[in-house]
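# Coordinate inspection notes
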Amino acid sequence: RHEIRRKIRRAEAAGPVRFVPAPLDAATVDRFIDLHQARWGDDGLFPETDGGARSRAFIHRLAALEAVEGDRAQLQLGFVHVGDRVVFAAAGFDDGRTCYFYNAGMDPAARDLSPGVTGAAAYLADRLAAGRTRFDFLRGNEPYKYEWGAVDERIDRIIVVRGRG
């Protein structure tokens, strides 16, 4: 955690760090996709493949459906700024109590600002300030989650088969 604090202080020295929620519109989704792909490339969710095209269509459709919900929307897209520079994009779901951190993207050119740590910290701080009592990194045992204090939770899988009986 000392390392997390050090990286945040270094970013704060470059300018104010803030999470800015964004509207659930096509331009926001495209901006999220661009930052996600800048970080992950062909390993990301949205490569220039048939699967990537389906993923892009899915997140655009999800954002459009959630936008209709207005204040009841659970999908949240937003960007973390360091000064005037956007270094991180976040996609999460928020049910009013828990924030579920779904995915992110970051500007690789902002490596000096540790955009992953800085972005996660700003998003987490924003959600805590909004009254959330739980932050869930969702499934997966990526090391960065444990650096934030994540603990494993049991996940059950239920398979429903039609026509048996």
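Our subject is the structure that appears above.
In short, a report on the structure.

Another point: the overall build of the protein. The helix and strand tally for the protein stands at five helices and five strands. Along the protein, from the amino end to the carboxyl end, the secondary structure elements read α-β-α-α-β-β-β-α-β-α. Relative to a compact globule of 165 residues, whose C-alpha radius of gyration would be 15 Å, the protein shows 17 Å and is just as compact. The principal-axis extents of the C-alpha atoms in the protein amount to approximately 65 × 35 × 35 Å. Classification of the 165 residues of the protein by burial places 39% in the buried group. Expressed as a percentage of contacts within the protein between residues at least 6 apart in sequence, the contacts between residues at least 24 apart total 60%. Here the protein holds 25 positive side-chain charges and 24 negative ones, and the gap between their average locations is 4 Å.

It is worth spelling out the packing of helix 2 (residues 26-40) against helix 3 (residues 50-68) at this point. Running from amino to carboxyl end, helix 2 crosses helix 3 at an angle of 140°, the nearest separation of the two axes being 10 Å. Compared by their axis directions, helix 2 and helix 3 come out oblique. Where helix 2 crosses over helix 3, the handedness of that crossing is right-handed. Between helix 2 and helix 3, the contacting residues are Ala26, Val29, Asp30, Phe32 and Ile33 on the first element and Arg56, Ile59, His60 and Ala63 on the second. Residues of the contact of helix 2 with helix 3, tallied by class, amount to six nonpolar, one polar and two charged.

Further remarks concern the nonpolar core. The nonpolar side chains of a soluble globular protein tend to be buried, and buried together. Counting 18 residues, the largest nonpolar core has Val87, Phe88, Phe101, Tyr123 and Phe135 as its most contacted members. Looking at this core, the elements with two or more residues in it are strand 2 (75-82), strand 3 (85-94), strand 4 (98-106) and helix 4 (115-129). Ranked by residue count, the leading element in this core is strand 4, at four residues.

With that out of the way, let us pick up the packing of aromatic side chains. Counted according to the given criterion, the structure contains nine aromatic pairs. Residues Phe19 and Tyr123 carry aromatic rings whose centres are separated by 4.8 Å and whose planes lie at 45° to one another, so their mutual orientation is tilted. One end of the pair, Phe19, is in strand 1 (residues 17-22); the other, Tyr123, is in helix 4, and 104 residues separate them in sequence. The pair formed by Phe19 and Tyr123 is uniform in burial state, with each residue classed as buried. Aromatic side chains Phe101 and Phe137 sit 5.9 Å apart centroid to centroid with 85° between the ring planes, which places their arrangement in the edge-to-face category. Placement of the pair is Phe101 in strand 4 and Phe137 in the loop between strand 5 (134-136) and helix 5 (143-147), with a sequence separation of 36 residues. Taken as a pair, Phe101 and Phe137 share a single burial class, namely buried. Taken together through their ring pairs, the aromatic side chains of Phe19, Phe88, Phe101, Tyr123, Phe135 and Phe137 make up a single cluster. Over the ring of Phe79 we find Arg31, and its NZ or CZ is 4.5 Å from the ring centre. Note that Arg39 overlies the ring of Trp40, its terminal NZ or CZ placed 3.8 Å from the centroid.

Rules and cut-offs
- In this numbering scheme, every chain counts its residues from 1 along its sequence in written order.
- Local features in this predicted model are restricted to residues of pLDDT 70 or higher, and side-chain atom pairs are both shown and tallied only at a pLDDT of 80 or more, whereas totals for entire chains, interfaces and linings draw on every residue.
- Excluded from the side-chain calculations are hydrogens and water; all other atoms, namely the structure's heavy atoms, are used.
- A run of H or I in DSSP becomes a helix once it reaches four residues, and a run of E becomes a strand once it reaches two; helices and strands are each numbered from the N terminus.
- Throughout, radius of gyration means the C-alpha value; the globule benchmark is 2.2 Å times the number of residues raised to the power 0.38.
- For every residue, the accessible area obtained with a 1.4 Å probe (protein chains only) is divided by the maximum for its type, and the residue is called buried under 20%, exposed over 50%, and partly exposed between those limits.
- By the convention used here, residues are in contact when the closest approach between their heavy atoms is within 4.5 Å.
- Only four residue types enter the charge count: Lys and Arg as positive, Asp and Glu as negative, with His and the chain ends excluded.
- Charge coordinates come from a single atom per side chain, which is NZ of Lys, CZ of Arg, CG of Asp or CD of Glu.
- Note on method: axes are straight lines fitted to C-alpha atoms, helices fitted across the in-contact stretch only, with angles between N-to-C directions ranging 0 to 180 degrees.
- We call two directions roughly parallel when the angle between them is under 35 degrees, roughly antiparallel when it is over 145, roughly perpendicular when it lies between 65 and 115, and oblique otherwise.
- Throughout, a crossing is termed right-handed when the near helix is turned clockwise from the far one, and left-handed when it is turned anticlockwise from it by less than a right angle.
- Residues are sorted three ways: Asp, Glu, Lys and Arg are charged, Ala, Val, Leu, Ile, Met, Phe, Trp, Tyr, Cys and Pro are nonpolar, and all the rest, Gly among them, are polar.
- Side-chain atoms within 4.5 Å are what join buried Ala, Val, Leu, Ile, Met, Phe, Trp, Tyr and Cys residues into a set we call a nonpolar core.
- Pairing of aromatic side chains requires ring centres within 6.5 Å, counting the rings of Phe and Tyr and the six-membered ring of Trp. Pairs whose planes differ by under 30 degrees are stacked, by over 60 edge-to-face, and all others tilted.
- Each ring is checked for a lysine NZ or an arginine CZ that lies within 6 Å of its centre and within 35 degrees of its normal; such an atom marks a charge sitting over the ring.

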